[in-house]
Amino acid sequence: MAYCRAGLDGYRAGEHFMIHWHEDGDPIAHRPDGPRRAVALPPAAERTGRVHHIELWVPDLAGAERRWGWLLGRLGHLPYQRWASGRSWRRGESYVVVEQSPDLSADHHDRRRPGLNHLAFHVADRATLDALTAEAPAYGWRLLHPERHPYAGGGGHRAAYLEDEAGYEVELVVTSEPRA
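A. Inspection of helix 1 (residues 2-12) at higher detail. Every buried residue of helix 1 is accounted for by A2, A6 and G10. Take helix 1 and look down its axis: the buried residues cluster within an arc of 75°, on one side only. Exposed residues pointing more than 90 degrees away from the buried face of helix 1 are listed as Y11 and R12. Two residues or fewer past helix 1, G14 is found with a positive phi of approximately 85°.

B. The nonpolar core, seen in detail. Core analysis: the largest hydrophobic core is formed by 26 residues, its most contacted members being W68, L71, V98, W141, V170 and L172. Looking at this core, the elements that each hand over two or more residues are helix 2 (61-74), strand 6 (94-99), strand 7 (118-123), helix 3 (126-135), strand 9 (159-164) and strand 10 (169-174). With six residues, helix 2 is the single largest residue contributor to this core. For W68, the contacting residues outside a window of four places in its chain are L56, G73, W89, V98, L119, W141, D164, Y168 and V170. Counting residues in hydrophobic clusters, the runner-up holds five residues, among them L144, A152, A159 and Y161.

C. Spatial organisation of the side chain of R111. Mapping R111 onto the fold places it in the loop between strand 6 and strand 7. A relative accessible area of 14% places R111 in the buried class. Within polar-contact distance, the side chain of R111 engages the side chain of E169 at 2.9 Å. Ignoring any residue separated from it by four or fewer positions in sequence, one finds R111 in contact with L116, N117, L144, E163, G167 and E169.

D. Main features of the sheet that holds strand 8 (residues 141-143). If you trace the four strands from one edge of the open sheet to the other, you get 7-10-9-8, paired in mixed fashion. Since the sheet does not close on itself, it has two edges, and those belong to strand 7 and strand 8, each with one partner. Taken over all neighbouring pairs, the strand axes of this sheet differ in orientation by 30° on average, direction set aside. Across five bridges, strand 9 lies against strand 10 in antiparallel orientation. Paired with E163 across the bridge in strand 10 is E169.

E. Representation of the environment of I54 within the structure. Looking at the secondary structure, you find I54 in strand 3 (residues 53-57). Considered as a pair, I54 and V97 are 43 residues apart in the sequence and their alpha carbons are 6.1 Å apart. Residues within four places of I54 in sequence aside, it is in contact with Y95, V96, V97 and L119.

The rules we used
Residues numbered from 1 in each chain as written. Predicted model: local features only at pLDDT ≥ 70, side-chain atom pairs only at ≥ 80, totals over all residues. Heavy atoms only, no water. Buried < 20%, exposed > 50% of the residue type's maximum accessible area, 1.4 Å probe, protein only. Helix = DSSP H or I, 4+ residues; strand = E, 2+ residues; numbered from the N terminus. Arc of directions from axis to C-beta. Core = buried A, V, L, I, M, F, W, Y, C linked by side-chain atoms within 4.5 Å. Contact = heavy atoms within 4.5 Å. Polar contact = N/O pair within 3.5 Å; in protein donor to acceptor, adjacent residues only side chain to side chain. Pairing = 2+ DSSP bridges. Axes fitted to C-alpha atoms, helices over the stretch in contact; angles between N-to-C directions.

Shown next, in the form of structure tokens:
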């Protein structure tokens, strides 16, 4: 059942409260390619200082949706909002937006200029890191520093540094294993 699968996915992602809705025409059975209608509800705790959302302006919405949608989906974020010039994915009370704004002043992102350098996400373990790294090229991401992977961050810091076709970088950090 789609709602059962949504609950299990939320539990595996560490969410404590989920809501799942069903719209006319949605399949009852879980289908990997079906609509994802689950939204994690925020925990009842102090909210000051938590990230509300991150918004990335992109030069190509379709490409960004493919790249970021795959990555965020694999990291447990669920599709949240969709409008003509943007998309968002939510996890808990935070969400990530990609938007192709008409107000863009350049046609590319350069992470080495002032501004956003990269986003870093936790991953459960080395096996998850290896799976994401292996799948990433099919979705427009390339591994940075392959000669030092997975220790490009130095010492016992296990991580993958990926860059997408538009120049955005993500760091996927293994957090369940002790650091040296």
